[in-house]
Amino acid sequence: MTISDTRARRTSAAPVELDVSGMTCAACAGRVERALNKLDGVTASVNYATERAIITGLPDSEVPTAIRQVENAGYGAHLRDGSGDAWSARATEVRISSLRRRLAVSALLTVPLMDITIVLALVPGWRFPGWEWVCVLMALPIVTWAAWPFHRATLRNLRHGAVSMDTLVSLGIAASFGWAILTLLLGFGTTEAAGYWLGFGVTPAGADSIYLDVAAGMTTFQLAGRYFETRSRRKAGDVLGALNALAATHVRVVRDGVETIEPATTLRVGDTFIVLPGETIPADGTVRAGTAAVDASMMTGEPVPVPVGPGAPVTGGTISTDGRLEVTTISVGANTQLAQMAALTEQAQARKARVQNLVDRIVTWFVPAVITLAIIVTAAWALTGTPFAQAFGIGISVLIIACPCALGLATPTALMVGIGRAATLGILIKGHDALEASGTITTVVLDKTGTLTTGRMTVETATAYGIEEHELWRLAASVEQGSEHAIARAIQEAARNHITDLHPLEEFTALPGLGAAARIAGSTLLVGNADLLREHDIDLTPADLALADAHEQGHTVALVARDGHLIGLLALADTIKPGAADAIRALHAQNLTTVLLTGDSPAAGARIASELGIERVHAGVAPAQKADVVRELQAAGEKVAMVGDGINDAVALATADLGLALVSGTDIALKAADIILVRDDLHVIPDAITISRKTLRTIRTNLGWAFGYNIAAIPIAAAGLLNPLIAAAAMSLSSVLVVYNSLRIQRVRSTETGSVR
């Protein structure tokens, strides 16, 4: 689909979506949003996480104007046509490749540069002619080409009268490298007779090359943080990409009585299409003819296929497991339930992504204040009669001591260590928003099927009437060997623990929505629900108590009859995952309230909650209503974490303050979540909360130290008590302390074995 085709099809009232490139922080997203909102009658929302702008009130003819507005703000833009994400994926890949190259070059040059400059600056006897030029030439590619992303963002910000973290980084690199050039090559502010006082003595003359280390080290650290952040955001992916992978691509359409295979995009409301066993239903519709058990687990999360027949609604993206269906289309494309759920997910993500980063808020005043202070200090000393070279050195000391080495490292180092440690525990954290949210969580909402339970049916009890139990197993499993239904597979698997041989099938008939019928050894056998046996006038009185008990426990029942008589009852249930109860206790130990959320029956939900010790249950909740439950809890003042695994959980995951998705779940659930849980152990849920909180506390401690250090050291530097070299050394010490504090996150242990907090 081309851009012009898309624009021709849209009405002027439809929202316009732009892919935006070049944003490096939340402040950038705010800048693009303000630029777009300057257009007449336009309301724009820019999502930094998805790098997308949604614009309402923009006529088709004004789309190029909106793109130019973004470009004038210093960023790139491209009309999103809905056919894929090739442009945004390509832009992200180019950015990652560029950062990788810059990081590699910077790291390869920084290590030898540090060795050479430190040794030659402090040991004059080892210096050789032109050593200063060698050091400068090694540093030059680092502070120019490798650091260009920071300089470019700074220049763009300055053109619009704004500052960001990039401004701090660029300023620190430029100040350190600039002072090294002035003193090392031009002898500005230094003499051959004296070096710098370090507290224990005077350094040899020419020790100014140490500043090159500051500039190179800062560049390398910041590039590493930016590279890993960009990679992490790429892995977050796109909800619509997952949706396209889930939906059917072709459809069997009936036109004028002839069945033809066409692209799913040609389907229109009112068309009739055919779905064969094992095929994906391409659109929402109503069954005209046929019966089948429809696997809706990707939508509802519940493991038991839903029986459908004439008049029953079906949803696009679900699968017919065992029957042929003739369906009349009622919704297609963006109007299907699947597409609407994905759209709701993306909208919830956009609301959450607009939260500004703490550091970006502070630097809006911190950077201008430091620059202004450095100028004032330099001017004040010069006006008091101090030689300008000395006054300039004092001003540079103020700038360097306040320079954001520690501030720049505070967040990325803690994030890198925290995300790395989480990965070793089977937890993938997508970014700072997840960590920020984890610190305030009060309630954890857990999906039942696939999260707390295996999502696979198992036989809980078997009751035989008039025959031996092992014979009941043999007959039931013999019938079910002809079926691929989830209940049939569960019966066959359970039977292996009781018998070793099966009767051969003489005849087999699948009865969608009811069960199955077969002839074995001359007898007619039925295995299915109560409705099937009632259709054949079979007396169920012997099983009344067992049926009532199964209903109370929330079990699914399979009845077995032979030649018109009831011979057995099998009660099946979804199995609780190992360690689930311990994981819930660990959450309670973290002072968190637990809530069970399920589309299953109240009885089934109550049984699971009782076994696990969960305090509250919301049962019988439809997929679209799960987000409503989360909103109700939030409206009551709770900070909610949602744990799920299916597309039915995607909107709730994105709506919650913190979304955690199991890696075994659907792509859409994974992309809607803030944290992805990889380890096949439910202790990963409290582990994710623990390490997120620890990382967030570390970031706050780092930022507190970095700002506190700067505020305390600036007056000392302004008083002329620190020369630039000592300022650089003190700044480096501050950075070392920040890195050390971040490395302490590696001590966090799983809640299964105890944790170091």
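In this text the structure is predicted, and so the values were computed from the model without any measurement. (Residues numbered from 1 in each chain as written. Predicted model: local features only at pLDDT ≥ 70, side-chain atom pairs only at ≥ 80, totals over all residues. Heavy atoms only, no water.)

Student: How do you make sense of the overall build of the chain when you look at a structure like this?
Tutor: Within the chain, the regular secondary structure consists of 27 helices and 26 strands. Burial analysis of the chain (757 residues in total) assigns 53% to the buried set. Pairs at least 24 apart in sequence give 70% of the contacts found in the chain among residues at least 6 apart. Counting every atom, the chain has about 31,600 Å² of accessible surface; 59% of that belongs to carbon and sulfur. (Helix = DSSP H or I, 4+ residues; strand = E, 2+ residues; numbered from the N terminus. Buried < 20%, exposed > 50% of the residue type's maximum accessible area, 1.4 Å probe, protein only. Contact = heavy atoms within 4.5 Å. Areas by Shrake-Rupley, 256 points an atom, 1.4 Å probe, with all protein chains shown as cover.)

Student: I keep staring at the sheet that holds strand E15 (residues 443-447) and nothing clicks. Help me out?
Tutor: Note: strands within a sheet are paired through backbone hydrogen bonds, in either parallel or antiparallel orientation. Taken in spatial order, the seven strands line up as E14-E26-E25-E24-E15-E22-E23 in an open sheet, and their pairing is mixed. Taken across any chain shown, the strands that pair with only one partner, and hence form the sheet edges, are strand E14 (427-429) and strand E23 (616-618). On average, each strand axis in the sheet is inclined to that of its neighbour by 20 degrees, with strand direction left out of account. By the bridge criterion, five bridges tie E15 to strand E22 (residues 593-597) in an arrangement that is parallel. (Pairing = 2+ DSSP bridges. Axes fitted to C-alpha atoms, helices over the stretch in contact; angles between N-to-C directions.)

Student: What exactly am I supposed to notice about the confidence of the model for the chain here?
Tutor: It should be kept in mind that the predicted coordinates are not to be read in detail where pLDDT is low. Looking at the chain, pLDDT values average 77 and 78% of them are 70 or higher. Confidence over residues 235-240 falls short of pLDDT 50; this stretch has 16 contacts with residues more than four positions distant or in other chains. Taken together, the stretch residues 348-356 has pLDDT below 50 and engages in 26 contacts with residues farther than four places along the chain or on a different chain. (pLDDT = per-residue confidence, 0-100.)

Student: Quick question: what am I supposed to make of helix H22 (residues 602-612) here?
Tutor: Structural remark: α-helix, 3.6 residues per turn; residues separated by three or four positions point the same way. Considered for burial, the residues of H22 that qualify are Ala-603, Ala-604, Gly-605, Arg-607, Ile-608, Ala-609 and Leu-612. Looking one or two places after H22, you find Gly-613, whose phi comes out positive at around 80 degrees.

Student: Quick question: what am I supposed to make of the nonpolar core here?
Tutor: Burial of nonpolar side chains together is a common tendency in soluble globular proteins. Ranked by internal contacts, the top residues of the largest apolar core, which has 43 residues, are Ile-427, Leu-658, Ile-675 and Leu-677. When residues in this core are grouped by element, the largest group, seven residues, is from helix H26 (residues 684-718). What Ile-427 contacts, discounting residues up to four positions off in sequence, is Ile-419, Ala-422, Ile-675, Ile-676, Leu-677, Val-684, Asp-687, Ala-688 and Ile-691. (Core = buried A, V, L, I, M, F, W, Y, C linked by side-chain atoms within 4.5 Å.)

Student: Please clarify how the sheet that holds strand E10 (residues 306-308) should be interpreted in this entry.
Tutor: Read from one edge to the other, the open sheet built from three strands follows the order E10-E9-E12, with strand pairing classed as antiparallel. With one partner strand each, in any of the chains shown, E10 and strand E12 (319-320) form the two edges of the open sheet. With three bridges connecting them, strand E9 (residues 292-295) and E10 associate as antiparallel partners. Bridging across to E10, Ala-292 finds its partner in Val-308.

Student: Is there a simple way to think about the side chain of Arg-693 in this case?
Tutor: Within the secondary structure layout, Arg-693 lies in helix H26. No salt bridge forms around the buried Arg-693; measuring N to O, its nearest opposite-charge neighbour Glu-638 is 10 Å away. Setting aside anything within four residues of it in sequence, one finds Arg-693 in contact with Ser-438, Gly-439, Ile-441, Gln-590 and Leu-592. (Lys, Arg positive; Asp, Glu negative; His and termini not counted. Salt bridge = Lys/Arg side-chain N within 4 Å of Asp/Glu carboxyl O.)

Student: Just checking my understanding: could you explain the environment of Ala-589 for this structure?
Tutor: Within the secondary structure, Ala-589 is located in helix H21 (residues 580-589). A relative accessible area of 61% places Ala-589 in the exposed class. Linking Ala-589 and Pro-686, residues 97 residues apart in sequence, is a C-alpha distance of 9.4 Å.

Student: I would appreciate a short explanation of helix H5 (residues 131-146) in the present structure.
Tutor: The end-to-end C-alpha distance of H5 is 22 Å, a good match for the 22 Å that 16 residues give at a rise of 1.5 Å each. At Ala-139, H5 is deflected by roughly 30 degrees, the largest bend along its length, and proline Pro-141 occurs up to four residues later in sequence. Of the residues making up H5, those classed as buried are Trp-131, Cys-135, Val-136, Met-138, Ala-139, Ile-142, Val-143 and Ala-146. (Expected span 1.5 Å × (residues − 1). Bend = angle between axes of the 7 residues up to and from the residue.)

Student: Looking at this structure, how should I read the pattern of salt bridges?
Tutor: Side chains carrying opposite charge are able to pair once their charged atoms draw close together. Following the criterion strictly, the structure yields 13 salt bridges and no others. For the salt bridge of Lys-626 with Asp-447, the shortest nitrogen-to-oxygen distance reads 3.0 Å. Highlighted residues: Lys-626 in helix H23 (residues 626-635) and Asp-447 in strand E15, separated in sequence by 179 residues. Classification of Lys-626 by relative accessible area gives buried; the value is 1%.

Student: Quick question: what am I supposed to make of a nonpolar patch on the surface here?
Tutor: A grouping of Val-119, Leu-122, Val-123 and Trp-126 is seen on the molecular surface, where their side chains present a nonpolar patch of about 370 Å² in accessible area. Summarising the element assignment, Trp-126 is placed in the loop between helix H4 (86-122) and H5. Looking at Trp-126, the relative accessible area reads 59%, which means it is exposed. (Patch = residues over 30% accessible without salt bridge, like charges linked within 9 Å, V, L, I, M, F, W, Y side chains within 5 Å.)

Student: Before we go on, may I ask you to explain the packing of H5 against helix H6 (residues 148-159) in this structure?
Tutor: Packed helices, taken two at a time, are described by the angle their axes make and the gap between the axes. Where H5 contacts H6, the axes come no closer than 5 Å and their chain directions differ by 45 degrees. Considered as vectors, H5 and H6 are oriented oblique to each other. Residue-level contacts link Val-143, Thr-144, Trp-145 and Ala-146 of H5 to Trp-148, Pro-149 and His-151 of H6. The residue inventory of the contact of H5 with H6, partitioned by class, reads five nonpolar, two polar and no charged. (Parallel < 35°, antiparallel > 145°, perpendicular 65-115°, else oblique. Nonpolar A, V, L, I, M, F, W, Y, C, P; charged D, E, K, R; others polar.)

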